[in-house]
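Now for the letters of each chain:
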Amino acid sequence: MSCPYEHGADDVPDIPFPDAFRFDPGPRWAHLRDEAPLTRVRTPAGDVVWLVTRYDDVRTVLTDPRFSRAGTVAPGAPRVAVSSPLPGTLPTTDPPEHTRLRRLVSAAFAYRRVETYRPWIRELAGQLADGLAADGSPADLRAALALPLPIRVICRLLGVPYEDRDRFREWTELAYSMVPAEADRVHAAMAALTDYLAGLVAAKRADPGDDILSELAADPAGLSPGELTAFGLNLLVAGHETSANQITGFVAALLRDPALWDRLVAEPALVGTAVEELLRHTRLSETGQLRVAVKDVPLAGGTVRAGDGVMAAIAAANRDPRAFDRPDEIVLDREPGRHLAFGVGPHFCLGAHLARVELQEALTALTSRYPGLRLAVPADDLRWRRVLVSGVDALPVRW
Ligand code: HEM
């Protein structure tokens, strides 16, 4: 296979695929996995890259050092979206630079540390779930709980004032835009977000608070001010829209088949495996994670050339029958451990345990308070947000 870079090759389909913004992936992924496990697609930014969809190939792209994240910010690199990733950050460096950065920040998000946050995350989830009732049935679960929960959590952890949420929400929304015509607005939003974080980091250096940014700023051997600003920006962007979409996606998936909701109500101890299964089953992003090959690599029956972009379609891998029995079914007590929802390898999601705690506590708060919860509109009428990290726009529920 040859290098896929030329623009305008019109046989190349665009991603996200037209059937991306709905619950079920449709037959396309199965077709790609079976017939075209290495295929060319055009990103929203207009660049042509390879897409892999089989579980083993996705794993390879995420773990093999011949597929580089630093390469995604090199001059002329293929782009996924309108916003340019920040160089020199966790998602855009390779080992050993990536290892240095990751070592400096990993303690703040380690399992045991995150478990110390669980009591107040539980309390917050409970308060927000109670607030849903205050709005009266039906209500929008995204606005009442799914969005405010992770925003409050990440604000408190980073020491970002919650009152500023409308400003940084607007900027982070634009960061996920897939509309080339919005390029100027996207760049302006990223610049505003960087200025905002730089100001916050400077304030925390001068007057530290009880939060992760202050803690990292106080480490003399730690991140430089620029690195800390970029890290804060990454966390603010990566740390709430993801969880918010997954909370709405999980509840919607359970309510589409109310027997699943009823089972979780009856067996609350299943919440741990249920969250893992829903992470596997619920698509967060259709486009997948981009890497750039640093040398020619045989992959999925073809060859990826040095410099080619390769996308690992995590969501497609998580539904691969080669890796999962009855992959399209939601089995709340499925043996966990193999899904790739948080990635795998050096770039494994830094916030994975935090996200797990948010998701577990959100489901527990809702199932314990609203055993009779149901969708207030037909599942097919839910509208999907057409952005990179996707989910439903609103989740009307009744009880
Ligand atoms: C359900 C929610 C979430 C999902 C499904 C998710 C998914 C992912 C995935 C798939 C990656 C790996 C990307 C790759 O290999 O290219 C990743 C990386 C990352 N995530 Fe998450 N994430 C979630 C929540 C969070 C939260 C809450 C935070 C922050 C507090 C966070 C921070 C990060 C960071 C900083 C990275 C980059 C890690 C690195 O490159 O070393 N994520 N996430």
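Residues numbered from 1 in each chain as written. Predicted model: local features only at pLDDT ≥ 70, side-chain atom pairs only at ≥ 80, totals over all residues. Heavy atoms only, no water.

Draft legend 1. Summary view of the site of the ligand. Not every one of the 27 residues close to the ligand is listed here, only the nearest: His98, Arg102, Arg291, His347 and Cys349. Within the backbone of Leu90, a nitrogen or oxygen atom sits 3.3 Å from an oxygen atom of the ligand. Between the ligand and His98, the relevant distance is 2.7 Å, taken from an oxygen atom to a side-chain nitrogen or oxygen of the residue. Elements with a minimum of two residues in the shell around the ligand: α3 (97-105), α10 (225-238), α11 (241-256), β5 (289-293) and α15 (352-369). The element contributing the most residues to the shell around the ligand is α11, with three residues. Among the residues forming the shell around the ligand, the class breakdown is 16 nonpolar, nine polar and two charged. (Near = heavy atom within 4 Å. Polar contact = N/O pair within 3.5 Å; in protein donor to acceptor, adjacent residues only side chain to side chain. Helix = DSSP H or I, 4+ residues; strand = E, 2+ residues; numbered from the N terminus. Nonpolar A, V, L, I, M, F, W, Y, C, P; charged D, E, K, R; others polar.)

Draft legend 2. Quick peek at the coordination of the iron atom of the ligand. For the iron atom of the ligand, the sole protein-derived donor is Cys349 (SG), lying 2.3 Å away. Here Cys349 shows up in the loop between α14 (314-317) and α15. (Donors = N, O, S within 2.8 Å, 3.2 Å for Na, K, Ca; no water.)

Draft legend 3. Expanded view of the sheet that holds strand β3 (residues 67-68). Read across the sheet, five strands follow the order β1-β2-β8-β5-β3 without closing on themselves; strand pairing throughout is mixed. The two strands at the open ends of the sheet, each matched to only one other strand, are β1 (38-42) and β3. By the bridge criterion, three bridges tie strand β2 (residues 48-52) to strand β8 (residues 309-312) in an arrangement that is parallel. From the neighbouring strand, Trp50 faces β8, where its bridge partner is Val310. Set on the sheet, helix α2 (residues 55-63) makes contact with β2, β3, β5 and β8; between it and β8 the angle comes to about 125 degrees. (Pairing = 2+ DSSP bridges. Contact = heavy atoms within 4.5 Å. Axes fitted to C-alpha atoms, helices over the stretch in contact; angles between N-to-C directions.)

Draft legend 4. Main features of the pairing of β8. Every second residue of β8 is oriented toward a common face, with Gly309 and Met311 on one face and Val310 and Ala312 on the other, all of them buried. Across four bridges, the pairing between β5 and β8 is antiparallel. Paired with Gln289 across the bridge in β8 is Ala312. (Buried < 20%, exposed > 50% of the residue type's maximum accessible area, 1.4 Å probe, protein only.)

Draft legend 5. Quick peek at the pattern of salt bridges. Across all of its chains, the model carries 26 salt bridges by this definition. Note that Asp164 is salt-bridged to Arg167, the shortest N-O span being 3.7 Å. In this structure Arg167 comes out as partly exposed when scored by relative accessible area, which is 43%. For the salt bridge of Glu276 with Arg356, the shortest nitrogen-to-oxygen distance reads 2.7 Å. Of this pair, Glu276 sits in helix α13 (residues 271-281) while Arg356 is found in helix α15, placing the two residues 80 residues apart along the sequence. Among the ionic contacts, a cluster of salt bridges with common partners joins Glu115, Arg118, Arg122 and Glu361. (Salt bridge = Lys/Arg side-chain N within 4 Å of Asp/Glu carboxyl O.)

Draft legend 6. Inspection of the sheet that holds strand β4 (residues 139-140) at higher detail. Read across the open sheet, the three strands follow the order β4-β10-β9; overall the sheet is antiparallel. The sheet is open, and its two borders are formed by β4 and β9 (374-375), each paired with just one other strand. Examined bridge by bridge, β9 and strand β10 (residues 396-398) share two bridges and lie antiparallel to one another. Residue pairing across strands places Arg374 opposite Arg398, the latter belonging to β10.

Draft legend 7. Structural detail: the environment of Phe168. Its location among the elements puts Phe168 in helix α7 (residues 165-175). The spatial distance from the C-alpha of Phe168 to the C-alpha of Ile330 is 35 Å, given a sequence separation of 162 residues. Once residues lying within four places of it in the same chain are set aside, the contact partners of Phe168 are Ile151, Cys155, Val160, Pro161, Leu193, Leu236 and His240.

Draft legend 8. Spatial organisation of empty space enclosed by the protein. Going through the model one piece at a time under the given rule, you end up with three cavities of 30 Å³ or more. Estimates place the volume of the second largest cavity at around 240 Å³. Along its surface, the second largest cavity is lined by 24 residues, and Arg22, Thr282, Arg283, Leu284 and Trp384 are the ones closest to its centre. A total of five residues in the lining of the second largest cavity trace back to one element, the largest contributor, which is α11. Residue classes in the lining of the second largest cavity are distributed as 10 nonpolar, eight polar and six charged. (1 Å grid on protein atoms, 1.4 Å probe; cavity = no way out; pocket = protein on both sides within 12 Å on 5 of 7 lines; lining within 4 Å. Points joined across faces, edges and corners; volume = space filled by probe spheres on them.)

Draft legend 9. Structural context of the side chain of Arg319. Along the polypeptide, Arg319 turns up in the loop between α14 and α15. Owing to a relative accessible area of 3%, Arg319 belongs among the buried residues under this scheme. Here His281 takes part through its backbone oxygen, which lies 2.8 Å from a polar atom of the side chain of Arg319. Polar side-chain contacts of Arg319 include one of 2.8 Å to the side chain of Asp328.

Draft legend 10. Local environment of the packing of aromatic side chains. Within this structure, the stated rule accounts for five aromatic pairs. On the numbers, 6.2 Å between centres and 45 degrees between planes, the contact of Tyr117 with Trp120 is tilted. With a gap of three residues between them, Tyr117 and Trp120 both fall in helix α4 (residues 111-135), about one helical turn apart. With a relative accessible area of 7%, Tyr117 lands in the buried category. On the accessibility criterion, Trp120 (15% relative accessible area) is buried. Judged by centre distance (5.8 Å) and plane angle (55 degrees), the ring pair of Trp171 and Tyr196 falls under tilted. (Phe/Tyr/Trp six-rings, centres within 6.5 Å; stacked < 30°, edge-to-face > 60°.)

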